[in-house]
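Report on the structure
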Amino acid sequence: MPTVRTKSPEETEALGERMGRAAQAGWVIGLDGDLGAGKTAFVRGFVRGVGCGARAHSPTFALLHEYRGGRWPIFHLDLYRLGSADELHSAGLDACLNPTDAVSVIEWFSRADSLAPFLPSLHRIHFRWIDEFTREITHDLPGL
Ligand SMILES: Nc1ncnc2c1ncn2[C@@H]1O[C@H](COP(=O)(O)OP(=O)(O)OP(=O)(O)O)[C@@H](O)[C@H]1O
Ligand SMILES: [Mg+2]
């Protein structure tokens, strides 16, 4: 899988922006990696790339943020506090797993790993902390 190293938060945002420009309706992008690995930084760029004006921030406490005004609405979820995949259903968030005319980016997607086989348009991105300013980012979006 393609792997890139970024040397600053801005570089990670730029990667997110590139992927946001390429994103197609229906995509679900699962982001994983340790605390502070750069997932939200990536989403900040991604939101710009899709053309939404808003500045993304972590939805850790809200579970879901929506960004509008771009090519598609973006559902930004953070599953850090999720106990099990069933809770997504109870919280009424199923639509975010099957976004027609929207895209979803989901931090800590591994919390809902059991759902992966049912998501045909799922992409995965993994963020690894290398040192204070370096992150290794592995993704399944060849050409980006
Ligand atoms: N190359 C880099 N890419 C991204 N962030 C970087 C990089 N170098 C340093 N940072 C810093 O690392 C932190 C990344 O935080 P961010 O909130 O994006 O992580 P996260 O993966 O979303 O964490 P959490 O799991 O807590 O949501 C920021 O403080 C950012 O400034
Ligand atoms: Mg985050």
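Placed above this text is the structure.
Everything in this summary refers to the structure shown in the same document. (Residues numbered from 1 in each chain as written. Chains lettered and ligands numbered in written order. Predicted model: local features only at pLDDT ≥ 70, side-chain atom pairs only at ≥ 80, totals over all residues. Heavy atoms only, no water.)

This part takes up the coordination of the magnesium ion (ligand 2). Each donor-metal-donor angle in an ideal tetrahedron of four donors is 109.5 degrees, and each such angle in an ideal octahedron of six donors is either 90 or 180 degrees. Surrounding the magnesium ion (ligand 2) are the protein donor atoms Thr-40 (OG1) and Glu-107 (OE), at 2.1 Å. Here Thr-40 is found in helix 2 (residues 39-50), whereas its partner Glu-107 is found in strand 5 (residues 103-107), with 67 residues between them in sequence. Accessibility assignment for this pair places Thr-40 and Glu-107 in one class, buried. (Donors = N, O, S within 2.8 Å, 3.2 Å for Na, K, Ca; no water. Helix = DSSP H or I, 4+ residues; strand = E, 2+ residues; numbered from the N terminus. Buried < 20%, exposed > 50% of the residue type's maximum accessible area, 1.4 Å probe, protein only.)

Here is a general trend for soluble globular proteins: nonpolar side chains tend to be buried in one another's company. Among the nonpolar cores identified, the biggest contains 23 residues, and Phe-42, Phe-46, Ile-74 and Ile-125 are the most heavily contacted of them. When residues of this core are traced back to their parent elements, those giving at least two are helix 1 (9-22), strand 2 (28-33), helix 2, strand 5 and strand 6 (122-131). Top element by residues in this core is helix 2. It accounts for 5 residues. The residues touching Phe-46, leaving out its near neighbours within four places in the chain, are Gly-16, Glu-17, Met-19, Gly-20, Ala-23, Ile-29, Ile-74, Val-103 and Val-105. If you look at the next biggest cluster of nonpolar residues, it comprises 20 residues, including Leu-97, Ile-106, Ala-112 and Leu-115. (Core = buried A, V, L, I, M, F, W, Y, C linked by side-chain atoms within 4.5 Å. Contact = heavy atoms within 4.5 Å.)

The subject of this paragraph is the site of ligand 1. Near ligand 1 there are 19 residues, and of these Thr-12, Gly-36, Lys-39, Thr-40 and Ala-41 occur at the shortest range. One nitrogen or oxygen atom from the main chain of Ser-8 is found 3.1 Å from a nitrogen atom belonging to ligand 1. One nitrogen or oxygen atom from the main chain of Thr-40 is found 2.8 Å from an oxygen atom belonging to ligand 1. Here ligand 1 has 640 Å² of accessible area as a free molecule, and 75% of this is covered by the chains. At the level of elements, helix 1 and helix 2 are the ones that each hand at least two residues to the shell around ligand 1. (Near = heavy atom within 4 Å. Polar contact = N/O pair within 3.5 Å; in protein donor to acceptor, adjacent residues only side chain to side chain. Areas by Shrake-Rupley, 256 points an atom, 1.4 Å probe, with all protein chains shown as cover.)

Here we come to the pattern of salt bridges. Enumeration according to the criterion identifies 9 salt bridges in this entry. Residues Arg-21 and Glu-17 are paired through a salt bridge, measuring 3.5 Å at the closest nitrogen-oxygen approach. Placement of both Arg-21 and Glu-17 in helix 1 is noted, with a separation of 4 residues, approximately one turn of the helix. Overall, Glu-17 belongs to the partly exposed group, its relative accessible area being 23%. A single salt-bridge network, built from bridges that share partners, covers Glu-13, Glu-17, Arg-21, Arg-44 and Arg-48. (Salt bridge = Lys/Arg side-chain N within 4 Å of Asp/Glu carboxyl O.)

Let us now look at the side chain of Lys-39. In this structure, Lys-39 sits in helix 2. Buried Lys-39, no salt bridge; nearest opposite-charge side chain is Glu-107, N-O distance 4.9 Å. (Lys, Arg positive; Asp, Glu negative; His and termini not counted.)

Another point: the pairing of strand 7 (residues 134-139). For strand 7, the buried fraction is high: 6 of the 6 residues fall into the buried class. Residues of strand 7 alternate between two faces, with Thr-134, Glu-136 and Thr-138 on one and Arg-135, Ile-137 and His-139 on the opposite face, all of them buried. Both strand 1 (residues 3-6) and strand 7 contribute to a ladder of 4 bridges, which runs antiparallel. Bridged to Thr-6 within strand 7 is Arg-135. Here strand 6 runs beside strand 7; their pairing, made up of 6 bridges, is antiparallel. Residue pairing across strands places Phe-127 opposite Ile-137, the latter belonging to strand 7. Remark: 2 residues form the turn of the hairpin made by strand 6 and strand 7, two consecutive strands paired antiparallel. (Pairing = 2+ DSSP bridges.)

All right, on to the environment of Val-50 then. As for its position among the elements, Val-50 is in helix 2. The exposure class assigned to Val-50 is buried, which follows from its relative accessible area of 2%. Taking the C-alpha atoms as reference, Val-50 lies 27 Å from His-89; in sequence the two are 39 residues apart. Contacts of Val-50, omitting those with residues within four sequence positions, involve Gly-20, Arg-21, Gly-70, Arg-71, Trp-72 and Ile-74.

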